Amino acid sequence: MTIRHLTLASRSQQKSWLMLVDDPDAYAPRGHSLKSWLLGGASISTRHALFDVEGSGLTVVTDLFGEDAYFAEGVTFWALQNAAIEARRVAYIEAGWADAVVIPPDEHFHAWEYEKTAKRKGGRVYLDVRGNGEVVVHEGYLSRKEAARLAKSRNAGQCGEDEHGSGGGTSPVRAELTSLTQTYVDLHRHAAVRTELLGSPALALRLVVAHAIAGSALWRVRPEPQSVKSDAVRQSLDESRAEAVFDARRREVLGSLRLDAEDATVTSSGYGYGAAGRNICELLARLVPLPDAEVLDILALVMGETLAAGTPEIEALGTMLGLSMAHWWEADEVFLEGLRDREVLLAMLAEVAGEQIAAANARETSKTLKAIIRAHLAGEGGRTKKEGWVPRWMAFPPSAYTSRGGVGTVDAHVRAMALLNEPKEAAGEIGAAEVVGPSDDPLAVPVPGGAAGDDSSALDQSNARQAA
């Protein structure tokens, strides 16, 4: 990296740098520090220019390989870049956006401080200017405080004014109730409503769904972010059958609730005054006319969105559902490329190709073992294609290939089964529910409505929903 950056330097700069290297009391910059030293500050790539580089007349420095080019004149670059940013800002406003805000390099656009808001609902454009000259454009956002204020004003028109709010006007008006009396009224009415709600479970169900979607002062439910640093893993997940089926159902639910079909999730993780109509009163009004079956379908979708990954809950549900991963997943290149352990690869080879082939290739490299596994899974070279193979870690219930441990799904499964069986041990037995897994399995759990390994119900429901 240091040698490459030195190719950006003039002969005098190279000479000065070598003198620093030879001086034991001096600091000679290396790596990215060297590039900044050569270019007189932050290095600005020509890729980030919003103006015509060739027509600007600015001096551009390229490395020896001609792959990277940087501006040698930082002050002049910023003069032209700022003019181009201002032109972009004006263009966004003329295009109908409520405003276009430029965030300078010494500040930063923190996504968690803003909420996605459509142009027609007053959304702004934020132009986030970085110190390296890059400009990142965020279209359709408002600060969370502004979004909550707008949503609250819409909610007030649909569900009544806030009982504690002022009545407007230019001069203060004495309230009809003291704050203590208002609290008295609130608490007694609350006690009456929630007690009456005990006799209306159907309405309570719809209220629960509205709270889960919109949130409230007492409810805070967040969707599983499915965070991953690898773009390849992200793409693999997005292209999986399970994600495709789930997202299709999500679009249906967004439509039935009359929410924006382009929203990433149904659940908004707000405080009851969410954007795009996600407030409790409005959602409740939309849920009340729906039949119980459809409300339960929506609840299942919301629960799926907010179900945490890599937890004992996943293990408990997968076992209770009799889920077969072979219906939802098949090995792809991303999975195979991530395998590194030869002992594990040999065990997998025995599963997909047989013990004899695994023994014959016991001394091969990991790369060769993966190639053989890949060929058997694809049925290449005259081999019989291995259908429905699922690695032990991914199956329900999961297991390990070695005794070394460190398999998160196995650890989570053990915890889940221990917790699920605690009530059974305390009560002696739980009804006449059928048992998942072999009858001699000490970790067997009761499963209402399904036999072990029978995942046809979940699959049939999913396929029926797709067909519909």
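Note that the coordinates shown come from a computational prediction; the quantities given were computed from them, not determined experimentally.

Enquirer: Looking at this structure, how should I read the nonpolar core?
Expert: For soluble globular proteins, the rule of thumb is that nonpolar side chains tend to be buried together. Phe335, Met348, Leu349, Ile373 and Trp389 are the most contacted members of the largest nonpolar core, which totals 21 residues. Counting residues per element, the ones that place at least two in this core are helix H14 (333-337), helix H15 (342-353) and helix H17 (366-378). In terms of residue count, H15 provides more of this core than any other element does, 8 residues in total. Sequence-distant contacts of Ile373, that is, excluding residues within four places in its chain, are made with Leu336, Leu345, Met348, Leu349 and Val352. Within the second largest apolar cluster, 19 residues are counted, among which are Val253, Ile280, Leu287 and Leu301.

Enquirer: Before we go on, may I ask you to explain the pairing of strand E6 (residues 135-143) in this structure?
Expert: Within a regular beta strand, the side chains point alternately toward one face of the sheet and then the other, so they alternate between its two faces. In terms of strand pairing, strand E4 (residues 114-116) meets E6 through 3 bridges, oriented antiparallel. Each residue of the ladder has a partner; that of Lys116, found in E6, is Tyr141. Pairing geometry for strand E5 (residues 124-129) and E6, over 6 bridges, is antiparallel. Counterpart to Leu127 in the pairing with E6 is Val137. Turn length for the E5-E6 hairpin, with the two strands adjacent in sequence and antiparallel, is 5 residues, and the turn residue Gly133 shows positive phi of about 95°.

Enquirer: Would you mind going over the pattern of salt bridges with me for this structure?
Expert: Two side chains bearing opposite charge may form a pair once their charged atoms approach each other closely. In this structure the tally under the stated criterion is 17 salt bridges. The salt bridge partner of Glu86 is Arg89, with a shortest N-O separation of 3.0 Å. Within this pair, Glu86 and its partner Arg89 are both found in helix H5 (residues 74-94), separated by 3 residues, close to a single helical turn. Here Arg286 and Glu282 are joined by a salt bridge, their closest N and O atoms 2.2 Å apart. Remark: Glu282 and Arg286 occur in helix H11 (residues 280-287); sequence separation between them is 4 residues, near one turn of the helix. Residues Arg286 and Glu282 agree in their burial class; the two are buried. When salt bridges that share partners are traced, they join Asp247, Arg250, Arg251 and Glu305 into one network.

Enquirer: Can you help me understand a nonpolar patch on the surface in this one?
Expert: Taken together, the side chains of Val208, Leu218 and Trp219 make up a nonpolar region of the molecular surface, amounting to roughly 320 Å² of accessible area. Relative to the helices and strands, Trp219 resides in the loop between helix H8 (201-214) and helix H9 (231-238). Trp219 sits in the partly exposed class, given a relative accessible area of 32%.

Enquirer: Just to check I follow, could you spell out the confidence of the model for the protein for this structure?
Expert: Caution applies to low-pLDDT parts of the model: their predicted coordinates are not meant to be read in detail. In the predicted model, the protein carries a mean pLDDT of 80, and 76% of its residues have values of at least 70. At the low end of the mean pLDDT range in the protein sits strand E8 (residues 446-447), at 38; at the high end sits helix H12 (residues 292-305), at 95. Here residues 160-170 scores under 50 on pLDDT; set against residues more than four positions off or in separate chains, the count is 8 contacts. Throughout residues 430-468 the model reports pLDDT below 50, and contacts reaching past four residues in sequence, or to other chains, amount to 50 contacts.

Rules of the game
Residues numbered from 1 in each chain as written. Predicted model: local features only at pLDDT ≥ 70, side-chain atom pairs only at ≥ 80, totals over all residues. Heavy atoms only, no water. Core = buried A, V, L, I, M, F, W, Y, C linked by side-chain atoms within 4.5 Å. Buried < 20%, exposed > 50% of the residue type's maximum accessible area, 1.4 Å probe, protein only. Helix = DSSP H or I, 4+ residues; strand = E, 2+ residues; numbered from the N terminus. Contact = heavy atoms within 4.5 Å. Pairing = 2+ DSSP bridges. Salt bridge = Lys/Arg side-chain N within 4 Å of Asp/Glu carboxyl O. Patch = residues over 30% accessible without salt bridge, like charges linked within 9 Å, V, L, I, M, F, W, Y side chains within 5 Å. Areas by Shrake-Rupley, 256 points an atom, 1.4 Å probe, with all protein chains shown as cover. pLDDT = per-residue confidence, 0-100.

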